[in-house]
Amino acid sequence: MLIKEKSERNTLEMISLEGLVPQDHLLRKIDCAVDFTHIYDFVEDLYCADNGRPSVDPVVLFKMVLIQHLYGIPSLRRTVEEINMNIAYRWFLGYLLNEPVPHFATISYNFRHRFREDTIEQVFTWILFEAQKSGYLSPEVVFMDGTHIKANANINKKMKKAIPSAAKAYEQQLMKEINEDRMAHGKKPFDRNSGGGESREREITVSTTDPESGMFRKGDHKHCFAYEAHTVCDRHNFILDTVVTSGNVHDSVAFDALYERVTRRFPQIRIVTMDAGYKTPWICKRIIDDGRLPSLPYKRPMTKEGFHEWYKYVYDEYLDIVICPEYKSLLYSTTNHKKESAYNVYIRCTPQTVKEPLLCKSVAEVLFKTFMS
C-alpha cells in the first residue's frame, strides 16, 4: 500500500552517537588501537600553562587532519564541512551533534605556526614504533620510490630563475679518490678549485603562486607544478620514512638524505629495493659499502651508434690496460674530474660488421664509471 513521506524533521529525540556508529567502522578500529592521549606529551610545551584563552584540544586537530588523509578529502575547508555532517567523524572527535566543529583556519594556523616539523616527526615516530612493538613491521627489506603530488598552483603564473647548482654529496670523496688515482699513475693531483670545482648556475622555472614547488613533466603528460614525496616502505606497506622535495628534484638526488634517515632509524635493513631512477654508481657504492644489498632492475646497455658496446671491452688489472673488441691494447692516458679513466689508442680498429674504420672509444665513456672501477 502507498505510504507518504512523514515530515517529522523538527521532532526531538534522545539519541547517543555511540549507537549510531557501526561496530566495524574504520574509525572505531583506529580509536581502539591507538591511544591518542600520547599527543599531549609532544605538544604540552607549545602551550602556555596558566595564561591565555582556552585552546582547541590538540588531539582533535590531529584527528581532523587524520580524517582528511584517510578519506582523501582535498582541503581543510571541505574536511570541516564533512565532519559537520558525518556522525562517525563527530564520534571519532568526541563532538556532539549540536557542538560546533573547530574552524578550518584554526587547524591551518596551528599546523603552520605551532606544530613544528619536529612535533610532526615525533608523532610519526611514535606511531611507527607502536606498530613495530606489535610486530607489524618488517624492515629487513625496504622499497624506495618517489610519488609526485600536484601543487595547487597556476601553470601560467611562473618566472625563470637562475640558481647555483647544488654540490653532490660525494664531491669531496670523489676528488680525494681522483687525486689518489692520478698520483698512483704519476700525474699531478687536481687543486680543490680547479676544473670541475667551479661554481655553476642553472635556470629553472619557478611558480609565483607556490615558489617551493617545482616544474614537473613525465612522459606525455602536461607540465605542472608539483612536489615529490620520496618514501621508504617495508613489505607490509608501512611507511618507514619520507622526504618531500620540489617536483623537479630527481630521485637519485634525494636519495642520500632519505637513506641516512631510514638507516639511522632501522639499522637492521639488509636489502634496499629501488627502480631504475636510483641506478647510479654512487648509490650502489654507498649501499654496498654499508654492508647492504641494492636490488635494482636490469638496464639494457646503451651505446652510441658507430661504437663498440662497452661490455665488450676487457680490463687487464695487472698491466693496467683495456683490451678492445679488436684485441688492441688501450693504454692509460689520464683521470679527469669525474674519475673517468681515459685509455687512448693510437691505431684504428675495424669491426667486421662495419666497413668504415672506427677509432675505439675512450673508456672514459664506456667503462669503469665513477666509483665502479
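Residues numbered from 1 in each chain as written. Predicted model: local features only at pLDDT ≥ 70, side-chain atom pairs only at ≥ 80, totals over all residues. Heavy atoms only, no water.

### What to know about the environment of isoleucine 120
And step 1. Mapping isoleucine 120 onto the fold places it in helix 8 (residues 117–133).
And step 2. Considered as a pair, isoleucine 120 and phenylalanine 42 are 78 residues apart in the sequence and their alpha carbons are 8.9 Å apart.
And step 3. Sequence-distant contacts of isoleucine 120, defined by excluding residues within four places in its chain, comprise Phe62, Phe111 and Phe115. (Helix = DSSP H or I, 4+ residues; strand = E, 2+ residues; numbered from the N terminus. Contact = heavy atoms within 4.5 Å.)

### Concerning helix 11 (residues 281–289)
And step 1. Among the residues of helix 11, those classed as buried are Trp282, Ile283, Cys284, Lys285, Arg286 and Ile287.
And step 2. The inward-facing, buried residues of helix 11 abut helix 9 (171–184), helix 10 (251–265), strand 7 (271–273) and strand 8 (293–295).
And step 3. Of the residues trailing helix 11, glycine 291 is marked for its positive phi of about 80°. (Buried < 20%, exposed > 50% of the residue type's maximum accessible area, 1.4 Å probe, protein only.)

### Some points on the confidence of the model for the chain
And step 1. Mean pLDDT for the chain: 81, with 85% of residues reaching 70 or above.
And step 2. Under a pLDDT of 50 for its full length, residues 344–373 has, in the predicted model, 72 contacts with residues more than four places off or in other chains. (pLDDT = per-residue confidence, 0-100.)

### Some thoughts on the pattern of salt bridges
And step 1. As enumerated under the stated definition, the model contains 14 salt bridges in all.
And step 2. Taking the shortest distance from any N to any O, the salt bridge between aspartate 31 and lysine 63 comes out at 3.8 Å. Taken together, the residues span a long stretch of sequence, with aspartate 31 in helix 2 (residues 26–33) and lysine 63 in helix 4 (residues 58–70) at a distance of 32 residues.
And step 3. Judged by its relative accessible area of 32%, aspartate 31 is partly exposed. (Salt bridge = Lys/Arg side-chain N within 4 Å of Asp/Glu carboxyl O.)

### Thoughts on the packing of aromatic side chains
And step 1. For the structure shown, the criterion picks out 10 aromatic pairs.
And step 2. Ring plane angle 85° and centroid distance 5.8 Å describe the contact between phenylalanine 36 and phenylalanine 92, whose orientation is recorded as edge-to-face. In this pair, phenylalanine 36 is assigned in the loop between helix 2 and helix 3 (39–43) and phenylalanine 92 in helix 6 (residues 87–93), connecting sequence segments 56 residues apart. Like phenylalanine 36, the residue phenylalanine 92 is buried in the burial classification.
And step 3. On the basis of an interplanar angle of 65° and a centroid distance of 6.4 Å, the ring pair of phenylalanine 255 and tyrosine 278 is categorised as edge-to-face. Placement of the pair is phenylalanine 255 in helix 10 and tyrosine 278 in the loop between strand 7 and helix 11, with a sequence separation of 23 residues.
And step 4. A relative accessible area of 0% places tyrosine 278 in the buried class.
And step 5. Among the aromatic side chains, those forming a connected cluster through ring pairs are Phe62, Phe111 and Phe115.
And step 6. Lying over the aromatic face of phenylalanine 92, lysine 63 brings its terminal NZ or CZ to 4.8 Å of the ring centre. (Phe/Tyr/Trp six-rings, centres within 6.5 Å; stacked < 30°, edge-to-face > 60°. Lys NZ or Arg CZ within 6 Å of the ring centre and 35° of its normal.)

### Description of the pairing of strand 6 (residues 239–246)
Working note: regular strand, side chains alternate between the two faces of the sheet.
And step 1. Pairing of strand 5 (residues 224–234) with strand 6 involves 7 bridges; the strand directions are antiparallel. Residue cysteine 233 lies in a different strand from strand 6, and its bridge partner there is isoleucine 239.
And step 2. Between strand 5 and strand 6, which pair antiparallel and follow one another directly, the connecting turn spans 4 residues, one of which, asparagine 237, has a positive phi of 70°. (Pairing = 2+ DSSP bridges.)

### So, the packing of helix 5 (residues 76–85) against helix 7 (residues 104–114)
And step 1. Running from N to C, helix 5 and helix 7 point in directions that differ by 130°, and their axes come no closer than 8 Å. With respect to their mutual orientation, helix 5 and helix 7 come out oblique. Crossing of helix 5 over helix 7 shows right-handed handedness. Where helix 5 approaches helix 7, its residues Leu76, Arg77 and Val80 are matched on the opposing element by Phe104, Ile107 and Ser108. (Axes fitted to C-alpha atoms, helices over the stretch in contact; angles between N-to-C directions. Parallel < 35°, antiparallel > 145°, perpendicular 65-115°, else oblique. Left-handed = near helix turned anticlockwise from the far one by under 90°.)

### Description of unusual backbone geometry
And step 1. Positive phi is not limited to glycine here, since asparagine 237 has a value of about 70°.
And step 2. Among the secondary structure elements, asparagine 237 is positioned in the loop between strand 5 and strand 6.

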